[in-house]
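Spelled out from the first residue to the last, the chains are:
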Amino acid sequence: MKTYAGIPEENASLENSKVVLVTVPYDGTSTWGKGADKGPELFLNASENMELYDIETQTEPYLEGVYLAGEVSENATPEAMTEAVYQKTKELLSHDDKLFTLFGGEHSVSIGSIRAVGEKFENLTVLQLDAHTDLRPEFHGSTSNHACAVFEASQKHNLVQVGIRSMDIEEAQYLPEGRVFFAHEIANNENWVNDVLEKVSGNVYITIDLDAFDPSIAPSTGTPEPGGLQWYPTLELLRKVFEKCNVVAFDIVELMDSPMAKPSAFLAAKLYYKMLAYYHLYKNN
């Protein structure tokens, strides 16, 4: 039996796990770097090479259990993939005592999961860490394109965007007013973490496109952009979000295969595990 991070089987069963993890190896609409469909495999392999004691929180998050809930492999069309992710998320959300997590795939995989989570939880904030706004209503003939990843969320929920440094002019009309934290502004604002926290409340879905990080620490993404987020300030933000709010789900997307994929894959693995550590730390206190 393959388990997340190679953890013991008793920590990987559905009944013993407080976290469920579904993977979506989809790369159907990306327009530049291809290889995000290999992201889940790279992530899981990197996770197996991680130390499972988290120094910062002095905890071992895997003891709370992580259930590998399989993969969504539907790729006939972007819309079919979105529907399949939506249905899988609904199924897993029926387990009320478990945190839903997803690893992509390109960012379009988040559309279906955010849709399902938004139907279950009222007053939802979607916290998006990303280099790109992803606010096109449709792109290349599809509303399920990676460039449309959070448009639906922006219309239905409290969308907060962090790390943005690339967008098309047509997306400007859809920016959530007062809730976009551009990378060039973050660079000159020592208080940016607290400023973001003021906009995030209630039930929270966190979606992290790895290109939110600076390519110096996460180069293997579909569309790397200079001037991105750094590791420790990002962890500070995430920890405070888990402390303040009820995080009900999160995803990490856009890990891309490349000859230099390992550093980015390990960053993704550590990021996922740190988020589990924060979740359990504040959920259990």
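Residues numbered from 1 in each chain as written. Predicted model: local features only at pLDDT ≥ 70, side-chain atom pairs only at ≥ 80, totals over all residues. Heavy atoms only, no water.

## Topic: helix H7 (residues 231–244)
To keep things clear, this is the line we draw: By definition, any uninterrupted DSSP run of H or I lasting at least four residues is a helix, any uninterrupted run of E lasting at least two residues is a strand, and each is numbered from the N terminus. By definition here, a helix of n residues has an expected span of 1.5 Å times n minus one. Contact criterion: two residues are considered in contact whenever any of their non-hydrogen atoms come within 4.5 Å of each other.
The terminal C-alpha atoms of H7 lie 20 Å apart, and with 14 residues this matches the ideal 20 Å at 1.5 Å per residue to within 8%. Those residues of H7 hidden inside the fold are in contact with strand E4 (124–129), strand E5 (158–164), helix H6 (192–199), strand E7 (203–209), strand E8 (246–253) and helix H8 (261–283).

## Let's talk about unusual backbone geometry
With the exception of glycine, most residues fall at negative phi, and the peptide bonds are largely trans. Quick reminder of the rule: Exposure classes here rest on a 1.4 Å probe applied to the protein chains alone. A residue is buried below 20% of its type maximum, exposed above 50%, and partly exposed in between.
Here the bond from Gly 104 into Gly 105 is cis, since omega is 20°, no more than 30 degrees from zero. For Asn 123, which is not a glycine, the phi torsion comes out positive at approximately 50°. In this structure, Asn 123 sits in the loop between helix H3 (110–120) and E4. Assessed through its relative accessible area of 66%, Asn 123 is described here as exposed. The backbone of Asp 134 sits at a positive phi, close to 55°, despite the residue not being glycine. Tracing the chain through its elements places Asp 134 in the loop between E4 and helix H4 (151–156). Its relative accessible area of 7% is what places Asp 134 among the buried residues.

## Quick notes on the environment of Met 275
With respect to the helices, strands and loops of the structure, Met 275 is situated in helix H8. When its relative accessible area of 0% is taken as the criterion, Met 275 is described as buried. When the C-alpha atoms of Met 275 and Glu 51 are compared, they prove to be 15 Å apart, with 224 residues separating the residues in sequence. Setting aside chain neighbours within four positions, we find Met 275 in contact with Ile 206, Ile 208, Leu 238, Phe 242, Phe 250 and Ile 252.

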